[in-house]
Amino acid sequence: MAKINENYLKLPGNYLFAEIGKRVAKFQTEHPDAKIIRLGIGDVTRPLPKVCVDAMIKAAQELGNVETFRGYGPEQGYEFLREKISDWNYRRRGIEISADEIFISDGSKCDCGNIQEIFSLDSKIAIADPVYPVYLDTNVMAGRTGDLHPNGKFDGVTYLPCTAENNFSPAPPENKVDLIYLCSPNNPTGTTLTKNALKNWIDYAKKNNSVILFDAAYAAYITEENIPRSIYEVEGAKDVAIEFRSFSKTAGFTGTRCGYVVIPKNLSGTTSSGEKILLKNLWLRRQTTKFNGTAYIVQRGAEAIYSDEGQAQVKNLIDYYMTNAKIIREGLGHIGLSVYGGVNAPYIWLKTPKNISSWDFFDELLKKFHIVGTPGAGFGPCGEGFLRLTAFGSRENTLQAMERLAE
């Protein structure tokens, strides 16, 4: 029989959100009349902006005519979308990122998981803790880590603690690492990194010939002016950083799938013999081999947000969710719980009361209040003792959830 990749066996049980779904489904079966409010998985609930829908309908109609029909698209993405991203998200913010440095994809989750393929298996990795589990899990699958220990840590990984004590801003480690995973606004804590914090990481990366993998999927939710939306706002970042962005939460594309990666044209890695190789070229080779591009219809929908009308509709969407975040943040604060995030991100990071474990508190919320959150332990060892709530529910459910807890 064919032998399996035994690195998969190092992973604990189910993927975090699959385990949550399993527990919620079991409870719903046992309590069919319970009205469950889901504030766990970060999936959007509001409709797509009208400009996106109109653009998708027009694009679909184009495919119905022989004169405007399109088959395979460019693996790097259509130029019309890459040019708009370059203009609206970078040049208008004083950042020189060209269209040929942008790669359109079917979402930043895939990109964050796949990017490790272009790096050596003996690369040393550093990962913010807690953070989105895809970064770590995909490196485990690839064989870049050792075994999992009872304390929740894998051998071969440098964990970067993000705690209330350090304002959820991890410091560069004393040891040398090759790949650094950072996320700002952070998922799950909802906190952000300042320019000074990012400059420290950029300096570290230059000194150690490291590459920063910077997930900015929630950049559109940043409200404070002094917080960078892109790592490229910080001097020197283009020499050491790859950036990931997404339309999923920005414009509600979780079901239609669209994101992109920025790899600066001069960013390079080295071979074992010391030869410099452009990372942009490696990623292009990977994409042309393993990816056939994001659907034309979806890319036209994404392009539509880059207009005055589109920006206004996206702002309304984000304002809706951030109002939910304020309701949750203030509601939890009123009942005496310690909360973080919810200002520059649609996530609220809640300290569990009375030192209850993350999964025990998850079960208590589900069974007593019929509210679903996400246990912090699922995001890394430093997430133990916390729970994440999302602002992506409806206004009605958000208010009702806070009423239940207040009672």
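Residues numbered from 1 in each chain as written. Predicted model: local features only at pLDDT ≥ 70, side-chain atom pairs only at ≥ 80, totals over all residues. Heavy atoms only, no water.

Moving on, we come to the overall build of the protein chain. Counting its regular elements, the protein chain contains 11 helices and 15 strands. Compactness check: the protein chain gives a C-alpha radius of gyration of 21 Å against a globular reference of 22 Å for 407 residues, within 12% of the reference. Each of the three principal axes of the protein chain carries a C-alpha extent, and together these read 60 × 55 × 55 Å. By the burial criterion, 54% of the 407 residues in the protein chain qualify as buried. A sequence separation of at least 24 residues applies to 72% of the contacts in the protein chain between residues at least 6 apart. Here the protein chain contributes 47 positively and 47 negatively charged side chains, and the mean placements of these two sets differ by 0 Å. (Helix = DSSP H or I, 4+ residues; strand = E, 2+ residues; numbered from the N terminus. Rg over C-alpha atoms; globule rule 2.2 N^0.38 Å. Buried < 20%, exposed > 50% of the residue type's maximum accessible area, 1.4 Å probe, protein only. Contact = heavy atoms within 4.5 Å. Lys, Arg positive; Asp, Glu negative; His and termini not counted. Charge placed at Lys NZ, Arg CZ, Asp CG, Glu CD.)

Glancing now at empty space enclosed by the protein. Overall, the coordinates contain one cavity of 30 Å³ or more when judged by the stated rule. Within this model, the largest cavity holds a volume of roughly 70 Å³. In this structure, the largest cavity is lined by Ala 128, Cys 162, Phe 168, Pro 170, Leu 182, Cys 183, Asn 186, Thr 189, Thr 191, Thr 192 and Leu 193. Here the lining of the largest cavity is built from residues that sort into seven nonpolar, four polar and no charged. (1 Å grid on protein atoms, 1.4 Å probe; cavity = no way out; pocket = protein on both sides within 12 Å on 5 of 7 lines; lining within 4 Å. Points joined across faces, edges and corners; volume = space filled by probe spheres on them. Nonpolar A, V, L, I, M, F, W, Y, C, P; charged D, E, K, R; others polar.)

Here the focus is the nonpolar core. The nonpolar side chains of soluble globular proteins are, as a tendency, buried together. Of all hydrophobic cores here, the largest spans 124 residues; its most connected members are Ile 115, Ile 212, Ile 242, Phe 247 and Leu 332. For this core, the element with the highest residue contribution is helix H9 (residues 308-334), accounting for nine residues. Look past the residues within four positions of Ile 212 in its chain and what remains in contact with it is Ile 180, Leu 182, Trp 201, Ile 202, Ala 205, Ile 231, Val 240, Ala 241 and Ile 242. (Core = buried A, V, L, I, M, F, W, Y, C linked by side-chain atoms within 4.5 Å.)

Let us look at the sheet that holds strand E15 (residues 386-390). With respect to topology, four strands assemble into an open sheet ordered E11-E12-E15-E14, the strand pairing being antiparallel. The open sheet has two edge strands with one neighbour each: strand E11 (339-341) and strand E14 (374-375). Taken together, the five bridges between strand E12 (residues 347-351) and E15 define a ladder with antiparallel strand orientation. Residue pairing across strands places Tyr 347 opposite Thr 390, the latter belonging to E15. Sheet strands in contact with H9 are E11, E12 and E15, and its direction is about 15° off that of E12. In the packing of helix H10 (residues 358-369) onto the sheet, the strands contacted are E12, E14 and E15, and the crossing angle to E15 comes to about 45°. (Pairing = 2+ DSSP bridges. Axes fitted to C-alpha atoms, helices over the stretch in contact; angles between N-to-C directions.)

For helix H5 (residues 134-142), the buried fraction is high: seven of the nine residues fall into the buried class. Where H5 is concerned, the buried positions are Val 134, Tyr 135, Leu 136, Asp 137, Thr 138, Asn 139 and Val 140. The inward-facing, buried residues of H5 contact helix H4 (108-114), strand E3 (125-129), strand E4 (157-161), strand E5 (179-183) and strand E6 (211-215). Positive backbone phi, approximately 95°, marks Gly 143, located one or two places after H5.

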